[in-house]
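Coordinates in review
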Amino acid sequence: RDAIAVSSCSDTQKSVAATDTAAACTVMRRALYLIDHHTHHLKQLFSKSIALSEYFKNEAFYQDRLRRRVKACNDNRINLHCVGLCATKSERVAYVLETLGFMHTTINLCDEFFSSDPHYRISTMVHEFGRLEGINRDEGWNTSDIFLWDGIFRTLGDLQNYQYIVNMP
């Protein structure tokens with residue numbers, strides 16, 4: 001069994017998707033490790049960050065969703081589907097469908113995803129992981145805002161930040 005379920009993709013797309021998904025899962029695992037073992041350093045370093053200050057106000061919300069994502073990564077329960085060319089004006093390269101408030105369980109990957117920079121693809125996967133957790137766009141920049149999710153995991157999943165924090169006295 002493949003590590004992830006990938007449908008309607010070429011072999012090359014499957015390989016890229018698997019690599020990028022594994023990297024996004026690593027971002028999630030780094031963030032969870034920092035949250036579990038270095039919260040005091042996170043508060044010291046990032047308390048004034050918009051995204052992290054929102055995290056500190058709603059730790060249980062984010063920890064619950066992060067733990068579910070890490071579990072999905074560890075259990076290889078990530079569904080991907082290649083959908084072909086999306087050609088949208090919003091520069092969409094991937095998406096999770098929502099129907100009447102219900103989030104589907106598959107990340108749909110556009111052809112444009114595969115021609116993107118690897119770092120952009122990984123951050124896109126992290127973003128879509130948030131969508132799978134039901135996090136959307138909230139105009140009030142409240143807890144369920146997808147761009148806060150992106151900021152939190154861009155900070156906590158960054159390798160340089162991670163190495164710096166784990167080596168702090």
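As a starting point, this report considers the structure included with it. This one's a predicted model, so the numbers in the text were calculated from it and none came from an experiment.

Attention now goes to the overall build of the protein chain. Counting its regular elements, the protein chain contains eight helices and four strands. Taken from N to C terminus, the helices and strands of the protein chain fall in the order β-α-α-α-α-β-β-β-α-α-α-α. For a compact globule of 169 residues, the expected C-alpha radius of gyration is about 15 Å, and the protein chain comes in at 16 Å, within 12% of that figure. With the C-alpha coordinates aligned to their principal axes, the bounding extent of the protein chain is approximately 45 × 35 × 25 Å. Taking all 169 residues of the protein chain together, 45% fall into the buried category. When the accessible surface of the protein chain is summed, it comes to about 9,000 Å², and 51% of that surface belongs to carbon and sulfur atoms. Both charge centroids of the protein chain, one from 19 positive and one from 20 negative side chains, sit 4 Å from each other.

Time to look at the sheet that holds strand E2 (residues 79-84). Strand order in the open sheet formed by four strands is E1-E2-E4-E3, with mixed pairing between adjacent strands. This sheet does not close on itself; its edge strands, each paired only once, are strand E1 (5-7) and strand E3 (94-99). Neighbour-to-neighbour, the strand axes of the sheet open up by a mean angle of 30°, direction not taken into account. By the bridge criterion, five bridges tie E3 to strand E4 (residues 102-110) in an arrangement that is antiparallel. Counterpart to Ala-94 in the pairing with E4 is Leu-109. In the packing of helix H6 (residues 118-132) onto the sheet, the strands contacted are E2, E3 and E4, and the crossing angle to E4 comes to about 160°.

The subject of this paragraph is the pairing of E2. Here three bridges tie E1 to E2, and the two strands are oriented parallel to one another. Considered in E2, the bridge of Val-6 is made with Leu-80. Sheet topology places E2 next to E4; five bridges connect them, and they run parallel. Residue pairing in the sheet places His-81 in a bridge with Asn-108 of E4.

So, on to the packing of helix H1 (residues 11-37) against H6. Running from N to C, H1 and H6 cross one another at 65°; their axes reach a closest spacing of 8 Å. For the element pair H1 / H6, the angle class is roughly perpendicular. Crossing angle aside, the handedness with which H1 passes H6 is right-handed. Of H6, the residues touching H1 (which contributes Val-16, Asp-20, Thr-21, Ala-23, Ala-24, Cys-25, Val-27 and Met-28) are Arg-121, Ile-122, Met-125, Val-126 and Phe-129. Of the residues belonging to the contact of H1 with H6, the class tally is ten nonpolar, one polar and two charged.

Our focus in this paragraph is the packing of aromatic side chains. Enumeration according to the criterion identifies six aromatic pairs in this entry. A ring pair is formed by Phe-61 and Tyr-62, whose centres lie 5.0 Å apart and whose planes are at 90°; its orientation type is edge-to-face. Judged by relative accessible area, Phe-61 falls into the partly exposed class, the value being 22%. Overall, Tyr-62 belongs to the buried group, its relative accessible area being 1%. A network of ring pairs unites the aromatic residues Tyr-55, Phe-56, Phe-61 and Tyr-62 as a single cluster. Lying across the ring of Phe-129, Arg-69 places its NZ or CZ 5.6 Å from the centre.

Cut-offs applied
Residues numbered from 1 in each chain as written. Predicted model: local features only at pLDDT ≥ 70, side-chain atom pairs only at ≥ 80, totals over all residues. Heavy atoms only, no water. Helix = DSSP H or I, 4+ residues; strand = E, 2+ residues; numbered from the N terminus. Rg over C-alpha atoms; globule rule 2.2 N^0.38 Å. Buried < 20%, exposed > 50% of the residue type's maximum accessible area, 1.4 Å probe, protein only. Areas by Shrake-Rupley, 256 points an atom, 1.4 Å probe, with all protein chains shown as cover. Lys, Arg positive; Asp, Glu negative; His and termini not counted. Charge placed at Lys NZ, Arg CZ, Asp CG, Glu CD. Pairing = 2+ DSSP bridges. Axes fitted to C-alpha atoms, helices over the stretch in contact; angles between N-to-C directions. Contact = heavy atoms within 4.5 Å. Parallel < 35°, antiparallel > 145°, perpendicular 65-115°, else oblique. Left-handed = near helix turned anticlockwise from the far one by under 90°. Nonpolar A, V, L, I, M, F, W, Y, C, P; charged D, E, K, R; others polar. Phe/Tyr/Trp six-rings, centres within 6.5 Å; stacked < 30°, edge-to-face > 60°. Lys NZ or Arg CZ within 6 Å of the ring centre and 35° of its normal.

From the geometry alone we can't say anything about function, so treat these as descriptive.
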